[in-house]
Amino acid sequence: MSASKSKTELRKTNFSINMIVKSWKVEFHEKKIQKQIKANLYNNTTDDIKYYTGYCRIPNTMMNGLISINFSARESRVFWTIISRTWSWRKPAYYISYREIANECAMDLHDTHTSIQHLIDKNIIISEPSKRKTNFAINQHADSWQNEVNRLKIGQKFRH
């Protein structure tokens, strides 16, 4: 009996030692990745972008549209919430209620509804209402967005 106890105790000890060694390896690997990321941030290189997890890919045409559009603070919060629910998860559209958007944006429901309506009017987001939730999508054709401030072409100077 004592020999079998010692074998099981030995197995438990080996198991716990293996778990400790694995956790050290994981910590070492994570620290190594963090050092590489910091080095790349200081060197302004993006060679190790694969180490970043949880990012959203935005097309260049969309980035140009975002540069030229004039969002209010509330519209911006709603826009980025819809981006995070769709493109961050590689989905073209997402069913979500106005209340869920309001909760995520930490905004009043009325303000959320108004901001969404402004974004729809500007042709930035597309919505398809259903009974309880609405299917929201980002209009990927940034050239069709309505910018109410200035409709200057790129390269044209402001005139005061």
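Presented here is an overview of the structure given in this document.

### Observations concerning the overall build of the chain
Thinking step 1. The secondary structure content of the chain amounts to five helices and three strands.
Thinking step 2. Reading the chain from its N end, one meets helices and strands in the order α-α-α-β-α-α-β-β.
Thinking step 3. Here the contacts in the chain between residues at least 6 apart in sequence split such that 56% fall between residues at least 24 apart.
Thinking step 4. Total accessible area on the chain is roughly 12,700 Å²; 54% of this is exposed by carbon and sulfur atoms.

### Considering the sheet that holds strand β2 (residues 125-129)
Thinking step 1. Read across the open sheet, the three strands follow the order β1-β3-β2; overall the sheet is antiparallel. Only two strands of the sheet have a single partner each, and these edge strands are β1 (93-96) and β2. Across the sheet, the mean angle from the axis of one strand to that of its neighbour is 25°, orientation sign disregarded.

### Observations concerning the packing of aromatic side chains
Thinking step 1. Tallied over the full model, the rule gives four aromatic pairs.
Thinking step 2. Arranged with centres 5.1 Å apart and planes meeting at 35°, the rings of F71 and F79 form a pair that is tilted.
Thinking step 3. By relative accessible area, F79 is classed as buried at 0%.
Thinking step 4. Arranged with centres 5.8 Å apart and planes meeting at 75°, the rings of Y98 and F136 form a pair that is edge-to-face. With a gap of 38 residues between them, Y98 in helix α4 (residues 98-105) and F136 in strand β3 (residues 134-138) connect regions that are remote in the sequence.
Thinking step 5. Relative accessible area serves as the criterion here: at 1%, F136 is assigned to the buried category.

### Focus: the packing of helix α3 (residues 73-85) against α4
Thinking step 1. Between α3 and α4, the least distance of the axes is 10 Å, while the angle of their chain directions is 110°. When the axes of α3 and α4 are compared, the pair comes out roughly perpendicular. Facing α3, whose interface residues are R77, V78, T81, S84 and R85, α4 presents I101, E104 and C105.
Thinking step 2. In terms of residue class, the contact of α3 with α4 is built from three nonpolar, two polar and three charged.

### Focus on the nonpolar core
Thinking step 1. Within the largest apolar cluster, 21 residues are counted, with the highest numbers of intra-cluster contacts made by V78, F79, I124, I125 and I138.
Thinking step 2. Counting residues per element, the ones that place at least two in this core are α2 (60-68), α3, α4, α5 (109-121) and β3.
Thinking step 3. In contact with I125, not counting residues within four places along its chain, are I82, I116, L119, I120, F136, A137, I138 and N139.

### Comments concerning the packing of α3 against α5
Thinking step 1. Packing of α3 against α5 brings their axes to within 9 Å, and their N-to-C directions diverge by 80°. One finds that α3 runs roughly perpendicular with respect to α5. Contacts between α3 and α5 involve R74, E75, V78 and F79 from the former and D111, T112, S115, I116, H118 and L119 from the latter.
Thinking step 2. Taken together, the residues that form the contact of α3 with α5 break down as four nonpolar, three polar and three charged.

Quick notes on the rules
- Residues numbered from 1 in each chain as written.
- Predicted model: local features only at pLDDT ≥ 70, side-chain atom pairs only at ≥ 80, totals over all residues.
- Heavy atoms only, no water.
- Helix = DSSP H or I, 4+ residues; strand = E, 2+ residues; numbered from the N terminus.
- Contact = heavy atoms within 4.5 Å.
- Areas by Shrake-Rupley, 256 points an atom, 1.4 Å probe, with all protein chains shown as cover.
- Pairing = 2+ DSSP bridges.
- Axes fitted to C-alpha atoms, helices over the stretch in contact; angles between N-to-C directions.
- Phe/Tyr/Trp six-rings, centres within 6.5 Å; stacked < 30°, edge-to-face > 60°.
- Buried < 20%, exposed > 50% of the residue type's maximum accessible area, 1.4 Å probe, protein only.
- Parallel < 35°, antiparallel > 145°, perpendicular 65-115°, else oblique.
- Nonpolar A, V, L, I, M, F, W, Y, C, P; charged D, E, K, R; others polar.
- Core = buried A, V, L, I, M, F, W, Y, C linked by side-chain atoms within 4.5 Å.

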